[in-house]
Amino acid sequence: MCIRDSWWTNILYINNFIPTDGGQCMGWGWYLSNDFQYYIVTPIFILLWVRSRTQASILWFFSLISSLIITAVLVDHYGINAYVLLPSDSNYYVIEYIKPYTRAAPYLIGMMVAFILQTWPHWDFSEKHVWLVRLGHLVSAGMLLASVFSLYPESSGDDVWNDSENAAYITLSRLGWALGLAWIVFVCAKGHGGVVNQILSLPVWQPLAALSYGAYLLHPMFMETFYWNIKVYAWHLDDLFYPVYFGAAVVFSLSSAAILHLLIEVPFAHLEGFFSEALKRPLRQPSYTPMLS
């Protein structure tokens, strides 16, 4: 089915809309389609920001609120569970999980942080407002932790959420996670990141960053191949299974991503640089003197 019916949707970056039943090639590629679709509409915000920051801010705020409302309405209407392993009457993956209009909030938050840092690069907290930085650290940590651990009562079965609670978590957890990360980026750029900025600035992350895209594309293949070839079900195994499973997936994914990076990404990056430089060079004038008639 993948080869005959839906492979072309990945090439056009519309596989988060087609096929409508969720039967995709490389199902995890929905994220690439979302990113590409955001990339297409981003120049609208950039051009409007250059022309009028007020108008751009209004459009940005309207887009953010619209995304949050659409997400909440879909989750509440279709009775979608925040914990995806619980049974649901609808296809969470197709209806809400992979759609760009339900995933736009984190992208919009990141976009606004970039606009602020680019427009006011020299702005910083004054000495009497340093307490705001510490308060921001606490709020950021609280939002990040709440986005992850608020789901624990639902996932453990200790508490069963109703539709409104599921809608609130799915909608606000993504927003809270994005705001928490946005604060970290902002304070690190302003020199207030402290030990977090020191850790994130370590050179060890540079090669891993270069391999992250390839690892993203390849890791589900290794995970599924390994998982479907085990002789017993995972939940019958002891706790050692999961660290080994995780470690094997990391090693195979990063190793394969390194090969992909060297054979494809690096050569094409050099070609892109070569053609970019060639386009910047002025056209050469003829080295000969035309004969006069």
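Here the structure is a predicted model, which is why all the values come from computation and not from measurement. (Residues numbered from 1 in each chain as written. Predicted model: local features only at pLDDT ≥ 70, side-chain atom pairs only at ≥ 80, totals over all residues. Heavy atoms only, no water.)

**Considering the overall build of the protein**
Of regular secondary structure, the protein possesses 11 helices and 0 strands. From first element to last, N terminus to C terminus, the protein shows the α and β order α-α-α-α-α-α-α-α-α-α-α. Counting across all 293 residues of the protein, residues that qualify as buried make up 30%. The long-range share in the protein, meaning contacts at least 24 apart out of those at least 6 apart in sequence, stands at 66%. When the accessible surface of the protein is totalled, it reaches about 19900 Å², and 70% of it is carbon and sulfur. (Helix = DSSP H or I, 4+ residues; strand = E, 2+ residues; numbered from the N terminus. Buried < 20%, exposed > 50% of the residue type's maximum accessible area, 1.4 Å probe, protein only. Contact = heavy atoms within 4.5 Å. Areas by Shrake-Rupley, 256 points an atom, 1.4 Å probe, with all protein chains shown as cover.)

**Considerations on helix α8 (residues 163-189)**
Between its terminal C-alpha atoms α8 stretches 39 Å, which fits the 39 Å expected from 27 residues at 1.5 Å a residue. Of all the bends in α8, the greatest measures close to 25° and is centred on Leu172. Where α8 begins, the capping side chain belongs to Asn162, and its oxygen is found 3.1 Å from the backbone nitrogen of Ser164. After α8 finishes, the residue Gly191 shows a positive phi value of roughly 85°. (Expected span 1.5 Å × (residues − 1). Bend = angle between axes of the 7 residues up to and from the residue. Polar contact = N/O pair within 3.5 Å; in protein donor to acceptor, adjacent residues only side chain to side chain.)

**Section: the confidence of the model for the protein**
The predicted model of the protein averages 86 in pLDDT, with 88% of residues at 70 or higher. When mean pLDDT is taken per element in the protein, helix α5 (residues 104-119) scores highest with 96 and helix α1 (residues 2-11) scores lowest with 75. (pLDDT = per-residue confidence, 0-100.)

**Observations regarding the packing of aromatic side chains**
The full count for this structure, using the stated rule, is 19 aromatic pairs. On the basis of an interplanar angle of 50° and a centroid distance of 6.3 Å, the ring pair of Phe17 and Tyr101 is categorised as tilted. Here the residue Phe17 occupies a position in the loop between α1 and α2 (30-51), and Tyr101 occupies one in the loop between α4 (92-97) and α5, the gap between them amounting to 84 residues. Each ring, one from Trp183 and one from Phe186, has its centre 6.3 Å from the other, and the planes form 35°; the classification is tilted. On the criterion of helical spacing, the pair formed by Trp183 and Phe186 is a turn pair, its members being 3 residues apart in helix α8. On the accessibility criterion, Trp183 (19% relative accessible area) is buried. Here the aromatic cluster, defined as three or more aromatic residues joined through ring pairs, consists of Trp30, Tyr31, Tyr92, Tyr93, Tyr97 and Tyr216. If you follow Arg103 out to its NZ or CZ, it ends over the ring of Tyr97, 4.3 Å from the centre. (Phe/Tyr/Trp six-rings, centres within 6.5 Å; stacked < 30°, edge-to-face > 60°. Lys NZ or Arg CZ within 6 Å of the ring centre and 35° of its normal.)

**Some details on the pattern of salt bridges**
The tally for this structure, following the rule as stated, stands at 1 salt bridge. Close ionic contact of Glu96 with Arg174 constitutes a salt bridge, the shortest N to O distance being 2.6 Å. Residue Glu96 is found in helix α4, and its partner Arg174 is found in helix α8; the two are separated by 78 residues along the sequence. The pair formed by Glu96 and Arg174 is uniform in burial state, with each residue classed as buried. (Salt bridge = Lys/Arg side-chain N within 4 Å of Asp/Glu carboxyl O.)

**Some words on the nonpolar core**
Membership of the largest hydrophobic core comes to 19 residues, with the highest contact counts inside it found for Phe45, Trp60, Leu64, Leu108, Ile109 and Phe115. When contributions to this core are tallied by element, the ones reaching two or more residues are α2, α3 (53-78), α5 and α8. Sort the elements by how many residues they give to this core and α5 lands first, with 8 residues. Apart from residues lying up to four places away in sequence, Trp60 is in contact with Phe45, Leu108, Ile109 and Met112. By size, the runner-up hydrophobic cluster in this structure holds 9 residues, among which are Val75, Ile80, Ala82 and Leu151. (Core = buried A, V, L, I, M, F, W, Y, C linked by side-chain atoms within 4.5 Å.)

**A closer look at the environment of Gln24**
Considering the arrangement of structural elements, one finds Gln24 in the loop between α1 and α2. Look at Gln24 and you get buried, because its relative accessible area is 12%. Along the sequence, Gln24 and Trp7 sit 17 residues apart, while their C-alpha atoms lie 7.6 Å from each other. Each residue touching Gln24, except ones within four places of it in the same chain, is listed here: Ser6, Asn15, Asn16, Pro19, Trp30, Tyr93 and Ile98.

**Quick look at the environment of Ser6**
Position of Ser6 among the secondary structure elements: in helix α1. For Ser6, a relative accessible area of 2% translates into the label buried.

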